[in-house]
Amino acid sequence: MKKNITYCGHIGIIGRTNVGKSSILNKLINNKISITSKKSGTTINNIIGIKTIQQYQYIYIDTPGIEIKKKYFKKNILNKNNYLKLIIFVISTIKWLEPEEKILKILKKINISTILVINKIDYINNKKILLPFINKIKKKYNFIAIIPISAKTGENIDALNTIIKNNIPQSKYIYSKNEITPLSKKFLISEIIREKLIRFLNQEIPYLIKVIIESYYIDKFKICNIVASIFTKNLRQKKIIIGKNGKKIKMCHYLSKKDIEKLLNMKVKLYLKIKLFNLTQ
Ligand SMILES: Nc1nc2c(ncn2[C@@H]2O[C@H](COP(=O)(O)OP(=O)(O)O)[C@@H](O)[C@H]2O)c(=O)[nH]1
Ligand SMILES: [Mg+2]
């Protein structure tokens, strides 16, 4: 019967770093799964976010920027694309340069339906410049749609949702209806902490910081006790993270705790330890 028909598929979100891929994922699933920041290279692992609504299950995969160091590039979904049903290729305003051409070259090879998303249109005052740009891009590739949006203001997100809906194949659900991500709580917590650290630190750090959850348990008072280690490369970075009189790490602790409590929906005691990579290896 028609009622039992379901639609489901993996949708890859690709593009150079900082165009707003993670922001778009969070917007599309109405949940904050993927961390975002002004700095390049914030996302270093593929992040999966799921939304199930009516008879549709969307499984989004947010990726590190395509031009990130080779080491991270290996993790990019376009290298093993067999399971993607749809691709969202994100660019920032009308910036189309070498990284975009590089991505286009890959797209031509893999031949998966692709939506081109022009993000950050809130930066464009004169919207008239969009049309000639879209016309130019249209000639480059057979995109199933080219859509200007703003992940910040939410402009046109509904239209993007509709295009995705219309292009997702009929299939059984892969995840259960209420699942938001298959990623573990521990991983999500470590990402929350990493996001706060990145916000406070200088440009070089996003790749170099690692957060590991050492322990995670709920005590008899229903408080979740979390011990997290922050690994830095050297003493200089350690000092930067701690900040003057511990100001930065305290702020990071405060903001992380707030977000983790929201994620877990319970009170949290958070312990942060800062360690050096080379001492532990
Ligand atoms: N003004 C504006 N900023 C945005 C928009 N989308 C994302 N950003 C910002 O751009 C930066 C990079 O976003 P992020 O999602 O981390 O990009 P990613 O590296 O492609 O995942 C962050 O500071 C976001 O807040 C948008 O539509 N408008
Ligand atoms: Mg990202």
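Position labels on residues start from 1 in each chain and follow its written sequence. Labels follow written order: the first chain is A, the first ligand is 1, and so on. Local features in this predicted model are restricted to residues of pLDDT 70 or higher, and side-chain atom pairs are both shown and tallied only at a pLDDT of 80 or more, whereas totals for entire chains, interfaces and linings draw on every residue. To obtain the side-chain values, all non-hydrogen atoms of the structure were included, while hydrogens and water were left out.

(A) Spotlight on the site of ligand 1. With respect to spatial proximity, 17 residues lie near ligand 1, and among them Asn18, Lys21, Ser23, Asp122 and Ala151 are the closest. Polar contacts here mean pairs of N or O atoms no more than 3.5 Å apart (in protein, one a potential hydrogen donor and the other a potential acceptor; neighbouring residues in sequence count only if both atoms are side-chain atoms). One of the backbone nitrogen or oxygen atoms of Asn18 is found 2.7 Å away from an oxygen atom of ligand 1. Lys120 has a polar side-chain atom sitting 3.0 Å from an oxygen atom of ligand 1. To measure how exposed things are, a 1.4 Å probe is used in the Shrake-Rupley method; for residues, cover is taken only from the protein chains shown. Relative to its unbound accessible area of 580 Å², ligand 1 is 87% covered by the protein chains. The way it works is a 1 Å grid over only the protein atoms, where trapped points that fit a 1.4 Å probe form a cavity and open points with protein on both sides within 12 Å along at least five of seven lines form a pocket, and then any residue with an atom within 4 Å of a point lines it. Pocket or cavity membership: a molecule qualifies when more than half of its atoms sit within 2 Å of the grid points of that site. Its atoms largely coinciding with the cavity grid, ligand 1 occupies the largest pocket. What makes a residue near a molecule or strand is one non-hydrogen atom of that residue sitting within 4 Å of it.

(B) Examining the packing of helix α1 (residues 21-29) against helix α5 (residues 157-166) more closely. Here, axes are lines fitted to C-alpha atoms. For helices the fit covers the stretch in contact, and angles between N-to-C directions go from 0 to 180 degrees. Helical segments are the DSSP runs of H or I of at least four residues, strand segments are the runs of E of at least two, and each set is numbered from the N terminus. Where α1 meets α5, the closest approach of the two axes is 11 Å, and the angle between their N-to-C directions is 80°. On the basis of the axis angle, α1 is roughly perpendicular to α5. Here Ile24, Lys27 and Leu28 of α1 lie close against α5, whose contacting residues are Ile157, Leu160, Asn161 and Ile164. Classification convention: Asp, Glu, Lys, Arg as charged; Ala, Val, Leu, Ile, Met, Phe, Trp, Tyr, Cys, Pro as nonpolar; all other residues, Gly among them, as polar. Its residues assigned to classes, the contact of α1 with α5 shows 5 nonpolar, 1 polar and 1 charged. Put simply, angles under 35 degrees are roughly parallel, angles over 145 are roughly antiparallel, angles from 65 to 115 are roughly perpendicular, and the rest are oblique. Two residues qualify as a contact provided that any one of their heavy atoms is within 4.5 Å of a heavy atom in the partner residue.

(C) The arrangement of the sheet that holds strand β4 (residues 84-92) in detail. The 6 strands are arranged β2-β3-β1-β4-β5-β6 in an open sheet whose pairing can be described as mixed. Strands with a single pairing partner mark the edges of an open sheet, and in this sheet they are β2 (47-53) and β6 (145-148). The sheet shows a mean angle of 20° between the axes of neighbouring strands, direction not considered. Only strands that DSSP links by at least two bridges are regarded as paired with each other. Pairing between β2 and strand β3 (residues 56-62): 7 bridges, direction antiparallel. In the strand pairing of β3, Ile48 is matched with Ile61.

(D) Structural view of the nonpolar core. Among the nonpolar cores identified, the biggest contains 30 residues, and Phe89, Trp96, Leu107, Leu116, Ile118 and Phe143 are the most heavily contacted of them. Of all the secondary structure elements, the ones that give two or more residues to this core are β1 (7-14), β2, β3, β4, α3 (98-110), β5 (114-119) and α4 (130-138). At 5 residues, α3 tops the list of elements feeding residues into this core. What we call a nonpolar core is a set of buried Ala, Val, Leu, Ile, Met, Phe, Trp, Tyr and Cys residues that are connected through their side-chain atoms within 4.5 Å. Categorising residues by exposure relies on relative accessible area from a 1.4 Å probe, with only protein chains included: less than 20% of the type maximum marks a residue as buried, more than 50% marks it as exposed, and the intermediate range marks it as partly exposed. Residues Ile11, Val19, Ile115 and Ile157 belong to the second largest nonpolar core, which totals 28 residues.

(E) Quick peek at the coordination of the magnesium ion (ligand 2). Distances from the magnesium ion (ligand 2) to its protein donors, Ser22 (OG) and Thr43 (OG1), fall within 2.0 to 2.1 Å. Placement of the pair is Ser22 in helix α1 and Thr43 in the loop between α1 and β2, with a sequence separation of 21 residues. Thr43 matches Ser22 in its accessibility class, with the two residues each being buried. Any nitrogen, oxygen or sulfur atom within 2.8 Å of a metal ion counts as a donor, with the limit raised to 3.2 Å for Na, K and Ca, and since water is left out, coordination shells can look unfinished.

(F) Focus on the sheet that holds strand β9 (residues 267-276). In space, the 3 strands of this open sheet follow the order β7-β8-β9, with mixed pairing throughout. Only two strands of the sheet have a single partner each, and these edge strands are β7 (210-218) and β9. Between one strand axis and the next, the sheet turns by 20° as a mean value, whatever way the strands run. Strand contacts of helix α8 (residues 235-242): β8 (223-232) and β9, with the helix running at about 150° to β9, the strand carrying the most contacts. The strands touched by helix α9 (residues 247-264) within the sheet are β7, β8 and β9, with β9 carrying the most contacts at an inclination of about 135°.

The values reported here are purely geometric and, on their own, carry no functional implication.
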